[in-house]
Amino acid sequence: MSISHAPPGSPKTDISDISKDEQAVPALEPIVPTSTRRTRVPRWLRRTSGPVLLLLLWQLLSSTGVLTSDVLASPGRIAQVARDLVADGSLPNAMGVSLQRVAVGLLFGAVIGTGLALVSGLFRAGEDLVDASVQMLRTVPFVGLIPLFIIWFGIGEAPKIAIITLGVSFPLYLNVYAGIRGVDSQLIEAGESLGLTRWGLVRHVVLPGALPGAMTGLRYSLGIAWLALVFAEQINADAGIGFLMVQARDFLRTDVIVVCLIVYAFLGLLADFVVRSLERLLLQWRPTFTGR
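Residues numbered from 1 in each chain as written. Predicted model: local features only at pLDDT ≥ 70, side-chain atom pairs only at ≥ 80, totals over all residues. Heavy atoms only, no water.

Colleague: Help me understand the overall build of the protein chain in this model?
Modeller: Each helix and strand in the protein chain was counted, giving eleven helices and zero strands. Listed by position from the N terminus, the elements making up the protein chain come as α-α-α-α-α-α-α-α-α-α-α. Expressed as a percentage of its 292 residues, the buried residues of the protein chain come to 31%. Contacts in the protein chain between residues far apart in sequence, at least 24 positions, make up 70% of those at least 6 positions apart. (Helix = DSSP H or I, 4+ residues; strand = E, 2+ residues; numbered from the N terminus. Buried < 20%, exposed > 50% of the residue type's maximum accessible area, 1.4 Å probe, protein only. Contact = heavy atoms within 4.5 Å.)

Okay, structure coming up:
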């Protein structure tokens, strides 16, 4: 039985038909963002699969004789040499000396690069006096200045620290300067309307806005610092990872050279991890895209 309440002259609607149509509508399902869906393969496994496969390929080529020990030592041989260098204390001592050189050079370079960037970024007169000279000097390869540093500072620790300092200064200067000049002018106007003084604007608006660029510059400077260290420790060094590499080169020890390269890579990754952790701590206020 069906009941119709339509006015005269209009098409009649059957209640039973409406109920059938409502029953035919599928139930709505909640949409789950793809970023919250669980992946089948853990991320740590995906990130380590590439290096593991490369290591297995390396071992296979060494075992089959495609890679001879004169060209490149096998992973097993390199692991044995690393244990021996750690056991006799030569590798820890070399790491300590190299870390000290990088730390001192990074400190001097951070002070010089950041200081020049603040002067050039905050003041127009400072930009006129500093920026042109820095832009000119940064185009000169710092490795090409090694002979001058030897003449000026001798063959001790001073030229090594100077090379690292010079390599670190320019990336920090460029990124801090770009960060300062990249602050939104509307934020400056908002701060002025709230009555902030010039120092207050610098402290509460400009420096926080330039902090992401400064952290990027620090990460880049760390990579340059390890690269500069490789060249610096070729200058009549009597200690350090570069000194071990020079000795290994003279005796054709590819295993020791690879161990030193792995140590360089490990220390670089460790330093980058520290800076990234510091970046997450200091930039919690900035929402960023983390990938999907």
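Colleague: Can you help me understand the nonpolar core in this one?
Modeller: The nonpolar side chains of soluble globular proteins are, as a tendency, buried together. Within the largest apolar cluster, 52 residues are counted, with the highest numbers of intra-cluster contacts made by Ile163, Trp226, Ile241 and Val259. Every element with two or more residues in this core is listed here: helix H3 (75-87), helix H4 (90-122), helix H5 (124-138), helix H6 (146-153), helix H7 (157-181), helix H9 (198-232), helix H10 (241-250) and helix H11 (254-282). The residues touching Ile241, leaving out its near neighbours within four places in the chain, are Ala94, Met95, Ser98, Glu233, Cys260, Val263, Tyr264 and Leu267. (Core = buried A, V, L, I, M, F, W, Y, C linked by side-chain atoms within 4.5 Å.)

Colleague: Explain the pattern of salt bridges to me, please; I cannot follow it from the model alone.
Modeller: If charged atoms from side chains of opposite charge come close, those side chains can pair. According to the stated counting rule, one finds seven salt bridges in the structure shown. A salt bridge links Arg253 to Asp255, with the shortest nitrogen-to-oxygen separation between them at 3.1 Å. The exposure class assigned to Arg253 is partly exposed, which follows from its relative accessible area of 34%. Among the residues examined, Asp255 registers a relative accessible area of 5% and is labelled buried. Salt bridges sharing common partners tie together Arg77, Arg253 and Asp255. (Salt bridge = Lys/Arg side-chain N within 4 Å of Asp/Glu carboxyl O.)

Take it as geometry only, folks, not as evidence of what the structure does.
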